[in-house]
Amino acid sequence: MDKFWKSFKSGTDIRGVAVDGVEGEPLNLTDDVIAKMVKGFLLWLSRRTGKKPAELRVAVGHDSRISADRIRRAAVGAMTECGARVLDCGLSSTPSMFMITLDRQLDGSVQITASHHPYHRNGLKFFTPAGGLDGCDIEAILGFCDEGIFPESVDGGISERVDYMKDYAAHLRDIICKGINGRNYERPLEGLHIVVDAGNGAGGFYAYDVLEPLGADISGSVYLEPDGMFPNHIPNPEDKEAMKSICGAVLNSHADLGVIFDTDVDRGGAVDSEGAEINRNRLVALASAIALENCPGGTIVTDSTTSAGLKKFIEETLGGVHYRYRRGYRNVINRAVELNEQGIDCPLAIETSGHAALRENYFLDDGAYLVTMIIIKMAQLRAKGESLAMLTSALEEPLEERELRFRIKAEDFREYGQKVLSGLEKYAEQREDWIVADDNREGIRVSFENEEGWFLLRLSVHDPIMPLNLESMKRGGCKAIAEKLYGFLKGCKELDLTAIEEFINLPEGR
């Protein structure tokens, strides 16, 4: 494939530059490029369904980015030019663009989003009623663009404006009413104060159209209005400033709970009434506790970077099975689906980034659905005089954690990265105090009893980078582990080791 088209592939999404003016990042998501991409999707969908492109019914939605309306017009115009019937949904969450394929019996859908990436970038996500596309599907669509293979232009294509988010919000309200099943069935959240931080993305609907109609006090909520320049903070539950924002909103308004979404609402996080984050490992722990209530002994699939304390919590406290898998939300979700197909009871796939997919919800990574489950559980516990914090009180969290990233200088970065991992595995096996994990499925994970911690070295899925994750229950443990690992890494001449060299030379307490 030509380098130009290959550059748009980002895992299972398409990403590019949609706004001109940022130095070093020229505009490449032009109207013509977008038109070719969605025509490629129609051709891919046509071959998958056996229908002619002119017989296809598809939906288009977008997040709040400033380029969204331009891209929406280009996408809708290109698909109607091929004769398709298009439901033009306007501002929408990414999960809603999957749900509409089921509710309206569509052949597929397109969401215009680049998640938490900067304002000038944008992209496309595709769905069928079976779920999101995989990386090989994205390659096929871009391959059509590269070869110039598109459906023919025909008459008869139409577009129709649809406000599907109203239906989707009603769906979430119904789930909450049924889940709590309280005396005041129609307003089960009365007496609860819940604040929302939408980061000026597409998630403001959750406050206005889900929580408030059910009786919740949403005063103190912040950044609910869509603004594609994201003037307040990056809409990303992993971002420190974003989490600081929602923690502050909870404490300032004395709320019972705070929830935060990324731009397109496929990820979520929360904050308890004390302003403590329910994020990353703690979010995985809480979601696991909820998922395993009706699935005793079930398997929880996570990405590879989860903490040692989380594994202990899932297996010893909850009685479940922790299955660490490769980074990448589609990898985690697909593995959970495969395990269920093999007869292994697996109710949840979740990344520490906040992508959480429950089996009961089509294994769709949906931040609003995850938050909905948390709110239901909070209401149930509150009725018994208990709190969310009690569910995860046994979770042991690290005293220290750090991520370092090493750039691979070799031209064939993937081959060199695999060579580093192979060498490290042999090196680790020769050392008595290095305990190599036997259940890790990405990179090399090694534990150290004296340092009460571990490291994970892996190869990035797409980039010439080797991320190193360090964790310890002991002060100074991460540095001690890094020093041991450096004994091996200093022989890897094609790795830029600046990050670890600076880390191990830091004065104590930094």
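As a starting point, this report considers the structure included with it. Note that the coordinates shown come from a computational prediction; the quantities given were computed from them, not determined experimentally.

### Some remarks on the pairing of strand E9 (residues 194-197)
Consideration 1: Along E9, one buried face is formed by Ile194 and Val196 and the opposite face, lined by Val195 and Asp197, is buried too.
Consideration 2: Sheet topology note: the E9/strand E10 (residues 257-261) ladder contains four bridges and is parallel. When the bridges of E10 are listed, aspartate 197 appears paired with isoleucine 260.

### Observations regarding the nonpolar core
Consideration 1: Leu172, Leu189, Phe205, Tyr206, Leu211 and Leu257 are the most contacted members of the largest nonpolar core, which totals 70 residues.
Consideration 2: Here the element with the most residues in this core is helix H12 (residues 367-383); it accounts for eleven residues.
Consideration 3: Other than its neighbours up to four places away in sequence, leucine 189 contacts Ile176, Ile180, Leu211, Leu214, Gly215, Ala216 and Ile375.
Consideration 4: Within the second largest apolar cluster, 37 residues are counted, among which are Ala18, Ala78, Leu124 and Phe144.

### So, H12
Consideration 1: Counted at 1.5 Å a residue, the expected span for H12 with its 17 residues is 24 Å, and the 25 Å between its end C-alpha atoms agrees.
Consideration 2: Looking at where H12 begins, the residue whose side-chain oxygen comes 2.9 Å from the main-chain nitrogen of alanine 368 is aspartate 366.
Consideration 3: Just past H12, the residue glycine 385 takes up positive phi, approximately 75°.

### What about the packing of helix H4 (residues 94-103) against helix H6 (residues 164-180)?
Consideration 1: Viewed as axis vectors pointing N to C, H4 and H6 meet at an angle of 90°, and their least axial separation amounts to 10 Å. Here H4 lies roughly perpendicular to H6, going by the angle between them. On H6, the residues touching Pro95, Ser96, Met99, Ile100 and Asp103 of H4 are Tyr164, Met165, Tyr168 and His171.
Consideration 2: Considered class by class, the residues forming the contact of H4 with H6 number six nonpolar, two polar and one charged.

### Comments concerning the packing of aromatic side chains
Consideration 1: In the structure shown here, the tally under the stated rule is 16 aromatic pairs.
Consideration 2: Centre to centre, the rings of phenylalanine 205 and tyrosine 206 are 6.2 Å apart; their planes meet at 85°, and the pair counts as edge-to-face.
Consideration 3: On the basis of relative accessible area, phenylalanine 205 is assigned to the buried category, the value being 10%.
Consideration 4: What makes tyrosine 206 buried here is its relative accessible area of 0%.
Consideration 5: Aromatic side chains tyrosine 427 and phenylalanine 488 sit 5.2 Å apart centroid to centroid with 50° between the ring planes, which places their arrangement in the tilted category. Here tyrosine 427, found in helix H13 (residues 413-429), pairs with phenylalanine 488, found in helix H14 (residues 477-489); they are 61 residues apart in sequence, far enough to count as distant. By the burial criterion, tyrosine 427 is buried, and phenylalanine 488 matches it.
Consideration 6: Through a chain of ring-to-ring contacts, the aromatic side chains of Tyr427, Trp434, Phe448, Phe455 and Phe488 assemble into a single cluster.
Consideration 7: When the ring centre of tyrosine 427 is taken as origin, the NZ or CZ atom of arginine 431, which lies over that ring, is 3.5 Å away.
Consideration 8: The ring centre of tryptophan 454 lies 3.7 Å from the NZ or CZ of arginine 445, which sits over that ring.

### Brief notes about the pattern of salt bridges
Consideration 1: Counted according to the given criterion, the structure contains 35 salt bridges.
Consideration 2: Note that aspartate 107 and lysine 51 form a salt bridge whose closest N and O atoms lie 2.7 Å from each other. Of this pair, aspartate 107 sits in the loop between H4 and strand E5 (108-112) while lysine 51 is found in the loop between helix H2 (31-49) and strand E3 (57-62), placing the two residues 56 residues apart along the sequence.
Consideration 3: A salt bridge links aspartate 262 to arginine 267, with the nearest nitrogen and oxygen atoms 3.4 Å apart.
Consideration 4: Here the salt bridges do not stand alone but share partners, grouping Asp69, Arg72, Arg73, Asp88 and Arg161 into one network.

### Section: the packing of helix H9 (residues 280-292) against helix H10 (residues 308-317)
Consideration 1: Their axes nearest at 10 Å, the elements H9 and H10 cross at an angle of 10°. By the angle between their axes, H9 is roughly parallel relative to H10. Residues Asn281, Val284, Ala285 and Ser288 of H9 pack against Leu310, Phe313 and Ile314 of H10.
Consideration 2: For the contact of H9 with H10, the per-class residue count stands at five nonpolar, two polar and no charged.

Parameters at a glance
Going along each chain's sequence as written, the residues are numbered from 1 onward. Whole-chain, interface and lining totals are the exception, using all residues; otherwise, since this is a predicted model, local features are given only for residues with pLDDT of at least 70 and side-chain atom pairs are given and counted only at 80 or more. To obtain the side-chain values, all non-hydrogen atoms of the structure were used and water was disregarded. For every residue, the accessible area obtained with a 1.4 Å probe (protein chains only) is divided by the maximum for its type, and the residue is called buried under 20%, exposed over 50%, and partly exposed between those limits. Only DSSP runs of H or I with at least four residues qualify as helices, and only runs of E with at least two residues qualify as strands; both kinds are numbered from the N terminus onward. At least two DSSP bridges between two strands are needed for those strands to be called paired. Within this scheme, the nonpolar core is defined by two criteria: the residues are buried Ala, Val, Leu, Ile, Met, Phe, Trp, Tyr or Cys, and they are joined through side-chain atoms within 4.5 Å. Between two residues, a contact is recorded if the distance between any of their heavy atoms is within 4.5 Å. To estimate the expected span of a helix, subtract one from its residue number and multiply by 1.5 Å. Pairs of N or O atoms are called polar contacts if they sit within 3.5 Å, as long as, within protein, a hydrogen donor faces a hydrogen acceptor (for residues adjacent in sequence, only side-chain-to-side-chain pairs). To obtain an axis, a line is fitted to C-alpha atoms, over the contacting stretch when the element is a helix, and the angle between two such axes runs from 0 to 180 degrees between their N-to-C directions. Oblique is the label for every angle not falling under 35 degrees (roughly parallel), over 145 degrees (roughly antiparallel), or within 65 to 115 degrees (roughly perpendicular). Under the scheme applied here, ten amino acids are nonpolar (Ala, Val, Leu, Ile, Met, Phe, Trp, Tyr, Cys and Pro), four are charged (Asp, Glu, Lys and Arg), and all others, including Gly, are polar. Each Phe, Tyr or Trp ring (for Trp, its six-membered ring) is paired with any other whose centre lies within 6.5 Å, and the angle between the two planes then decides the class: stacked below 30 degrees, edge-to-face above 60, tilted in between. Whether a charge sits over a ring comes down to the Lys NZ or Arg CZ being within 6 Å of the ring centre and within 35 degrees of the ring normal. By convention in these notes, a salt bridge is any Lys or Arg side-chain nitrogen within 4 Å of a carboxyl oxygen on Asp or Glu.

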